[in-house]
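Examining the three-dimensional arrangement
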Amino acid sequence: MGEQVFFVINGQELVLDKVLVEFDDTPIFFVCKNDGDFFISACVDLEDERYVVTKVSLSRLSKMLHGKITMRELIMQTNKYWDIIPGEDVEQDIVVEKNIDEIPLNALPYEQAYFKVATKDLADYVEKVDMILYSEDGWENEMVRGNVDYP
């Protein structure tokens, strides 16, 4: 799979890493990345095409993939998000940084919605994320960023 630039935030290109949930071939819950940083994106309006994007730690992404935290908890774990309305191409997207308190809760995954690994492809992705997380470089990068979650 070639790297598809999905969003540009603050001049940084976010490439699509993995579609976790789709509806009618449209990604509605997916992971993007940029230079070792991971982002979770949710389509909050299919008709008018609008997305919310938050930066996530690799350890929290892994917890969500393993069903230890909900999809909503992963999105809400930060203090800001980006509200994105796509344009004709990524350079024409309308990207607005907002406080997490402004996020449209009714458009997010349900409060008790846990991610379920439903295909071999998704199981392979979970394994890939865990390999990065538990590799020496992964732990080191998480520690440097201060993103390691303790139970």
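Residues numbered from 1 in each chain as written. Predicted model: local features only at pLDDT ≥ 70, side-chain atom pairs only at ≥ 80, totals over all residues. Heavy atoms only, no water.

Another point: the overall build of the chain. Each helix and strand in the chain was counted, giving 4 helices and 7 strands. When the 151 residues of the chain are sorted by exposure, 42% land in the buried category. Carbon and sulfur atoms form 47% of the exposed surface of the chain, whose accessible area is close to 8,800 Å². (Helix = DSSP H or I, 4+ residues; strand = E, 2+ residues; numbered from the N terminus. Buried < 20%, exposed > 50% of the residue type's maximum accessible area, 1.4 Å probe, protein only. Areas by Shrake-Rupley, 256 points an atom, 1.4 Å probe, with all protein chains shown as cover.)

Time to look at the pairing of strand E1 (residues 5-9). Burial runs high along E1: 4 of the 5 residues are buried. With 4 bridges joining them, E1 and strand E2 (residues 12-23) adopt antiparallel strand pairing. Bridge pairing links Ile9 to Gln12 in E2. Between E1 and E2, which follow one another and run antiparallel, lie 2 residues, and Asn10 among them has a positive phi close to 50°. (Pairing = 2+ DSSP bridges.)

On to the nonpolar core. Side chains of nonpolar character tend, in soluble globular proteins, to be buried together. Among the nonpolar cores identified, the biggest contains 28 residues, and Leu20, Phe29, Ile40, Leu61, Met64, Leu65 and Tyr125 are the most heavily contacted of them. Counting only elements with at least two residues in this core, the list comes to strand E3 (26-34), strand E4 (37-45), strand E5 (50-56), helix H1 (58-65), helix H2 (71-76) and helix H3 (120-134). With 5 residues, the single largest contributor to this core is H3. Setting aside chain neighbours within four positions, we find Tyr125 in contact with Asp17, Lys18, Leu20, Val31, Phe38, Leu61 and Leu65. In terms of nonpolar packing, the next biggest core, distinct from the first, is built from 13 residues, Phe6, Phe39, Trp82 and Ile84 among them. (Core = buried A, V, L, I, M, F, W, Y, C linked by side-chain atoms within 4.5 Å. Contact = heavy atoms within 4.5 Å.)

Within the secondary structure layout, Pro109 lies in the loop between strand E7 (94-99) and H3. A residue is classified by how much of its surface remains accessible, and Pro109, at 17% relative accessible area, is buried. Along the chain, Pro109 and Ile28 lie 81 residues apart, while their C-alpha atoms are 10.0 Å from each other. The contacts of Pro109, once residues within four sequence positions are left out, are Phe29, Met71, Arg72 and Ile75.

What follows deals with the packing of aromatic side chains. Per the counting criterion, the structure on display carries 7 aromatic pairs. An angle of 90° between the planes, with centres 6.3 Å apart, marks the rings of Phe6 and Tyr51 as edge-to-face. Linking Phe6 in strand E1 with Tyr51 in strand E5, this pair joins segments that are 45 residues apart in sequence. As far as burial versus exposure is concerned, Phe6 and Tyr51 are alike and both buried. Ring geometry for Phe7 versus Tyr51: centroids 5.4 Å apart, planes at 65°, classification edge-to-face. Placement of Phe7 in strand E1 and of Tyr51 in strand E5 is noted, with a sequence separation of 44 residues between them. One aromatic cluster in this structure is built from Phe6, Phe7, Phe30 and Tyr51. (Phe/Tyr/Trp six-rings, centres within 6.5 Å; stacked < 30°, edge-to-face > 60°.)

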